[in-house]
Amino acid sequence: MDSQTLLLEFDERHSAPVLIRKQTTRRSLHTGRDLVELHGWMTAGDEAQHQALSELLRDIGDRAVRASDESGDFAGKWCVSWNSYAESGGVHTYILLLREAEEISLEALLVGDLELHPYEYREAVLGGGLALWAKAVGSETDLRRLRALFRERPAVPIVRHGVDEHPREMRLAAAEWSTWEDRVKYRLVLVEGRIDEGEHSAFARVERENSRAALGFYMNFADRLVDLMVSKGLVTRSEIDAVREAAATAPALARHDFWHIPDIDAL
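How each quantity is defined
Residues numbered from 1 in each chain as written. Predicted model: local features only at pLDDT ≥ 70, side-chain atom pairs only at ≥ 80, totals over all residues. Heavy atoms only, no water. Patch = residues over 30% accessible without salt bridge, like charges linked within 9 Å, V, L, I, M, F, W, Y side chains within 5 Å. Areas by Shrake-Rupley, 256 points an atom, 1.4 Å probe, with all protein chains shown as cover. Salt bridge = Lys/Arg side-chain N within 4 Å of Asp/Glu carboxyl O. Helix = DSSP H or I, 4+ residues; strand = E, 2+ residues; numbered from the N terminus. Buried < 20%, exposed > 50% of the residue type's maximum accessible area, 1.4 Å probe, protein only. Pairing = 2+ DSSP bridges. Axes fitted to C-alpha atoms, helices over the stretch in contact; angles between N-to-C directions. Contact = heavy atoms within 4.5 Å. Core = buried A, V, L, I, M, F, W, Y, C linked by side-chain atoms within 4.5 Å.

Asker: How should I be thinking about a nonpolar patch on the surface in this particular structure?
Answerer: Residues Tyr119, Val137 and Trp180 make up a contiguous nonpolar surface patch of roughly 260 Å² in combined accessible area. With respect to the helices and strands, the residue tyrosine 119 is situated in the loop between β8 (114-116) and β9 (120-126). Residue classification places tyrosine 119 among the partly exposed residues on the basis of a relative accessible area of 39%.

Asker: Help me understand the pairing of strand β5 (residues 74-88), please; the structure alone is not making it clear to me.
Answerer: Side chains on a regular strand alternate between the two faces of the sheet. In this structure, strand β4 (residues 64-68) lies alongside β5, joined through four bridges in antiparallel fashion. Counterpart to alanine 64 in the pairing with β5 is cysteine 79. Between β4 and β5, which follow one another and run antiparallel, lie five residues, and glycine 72 among them has a positive phi close to 90°. As paired strands, β5 and strand β6 (residues 91-100) are joined by 10 bridges and run antiparallel to one another. Bridge pairing in β6 places tryptophan 82 opposite leucine 96. Count of turn residues in the β5/β6 antiparallel hairpin: two residues, of which glycine 89 carries a positive phi of about 60°.

Asker: Any chance you could explain the sheet that holds β6 here in plain terms?
Answerer: Consider a sheet: its strands pair through backbone hydrogen bonds, and that pairing is either parallel or antiparallel. Pairing is antiparallel in the closed barrel, where six strands are placed in the order β1-β2-β3-β6-β5-β4. Each strand of the sheet is rotated relative to its neighbour by a mean of 45°, with strand direction disregarded. Of the strands in this sheet, β2 (15-27), β3 (34-44), β5 and β6 are in contact with helix α1 (residues 47-59), which crosses β6 at around 25°.

Asker: Is there a simple way to think about the pattern of salt bridges in this case?
Answerer: Inspection of the entire model under this criterion finds 17 salt bridges. Close ionic contact of lysine 135 with glutamate 120 constitutes a salt bridge, the shortest N to O distance being 3.5 Å. Remark: glutamate 120 occurs in strand β9 and lysine 135 occurs in strand β10 (residues 129-138); sequence separation between them is 15 residues. You can call glutamate 120 partly exposed: its relative accessible area is 40%. Salt-bridge contacts for aspartate 164 lead to arginine 168; the nearest nitrogen and oxygen are separated by 3.7 Å. For the pair aspartate 164 and arginine 168, one class covers both residues: buried. Put simply, Glu123, Arg160, Asp164, Arg168 and Glu192 are held in one network by salt bridges that share partners.

Asker: Before we go on, may I ask you to explain the nonpolar core in this structure?
Answerer: Across soluble globular proteins, nonpolar side chains have a tendency to be buried as a group. Judged by nonpolar contacts, the single largest core of 21 residues is most densely connected at Val111, Ile158 and Tyr186. Listed by contribution, the elements that provide at least two residues to this core are β7 (108-111), β8, β10, α2 (140-152), β11 (156-161), β12 (164-180) and β13 (183-192). Look past the residues within four positions of valine 111 in its chain and what remains in contact with it is Leu116, Leu146, Leu149, Phe150, Val156, Pro157, Ile158 and Leu190.

Structure, rendered in structure tokens:
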């Protein structure tokens, strides 16, 4: 492509020109579309300008910024990566990669044959795979139906209407829930097969904390209930021992309750 200049609008007060030298494309892991990538550079001619640009590029993170072309017309939104920096003769040069920003607007989430309408949703690429976080309101029965889907098979086809109509096979990494009036709020975390949840602390932390809290509660509850039943002559100690032995063969039966937290919206 011929060289062109784009004006990046970092905020209402700060903008800077980028000289584009090459255009390529890459396949989006979110939508499957081909996205434009622009390779270029930006310069600063004095120390004050250099400091200002350095701070803007350092703080931009994943935020998308507007751009305008040489005619002043809107030229899309871009995610900016600062690849390298050099200084020569008092001129500071930043090598940049501009990636076309995507608008992720979910209309409905299809989990197997269940259609959900999350009130909060986000997705991210982790380890080369897609991870989804969705919060929804429903009944405890709804949540148990979702869990049953993932018990029947290791991965379930997920369709994100409004984002990508092609199904993706995904696993259930977490399903925290909390009571809300006469219903429940729940958060699903779904991951593609190539993602190892153990490598990402965000997945392991909540289950570890919930499991520890739930385990303490149920051990205390069970011990008190046993003592009460024995004192009332409803069961014998030998019968309790038999029940304990049977329970040891099915340790995951209370997993649903391990994910119970005070308020899902605190996550």
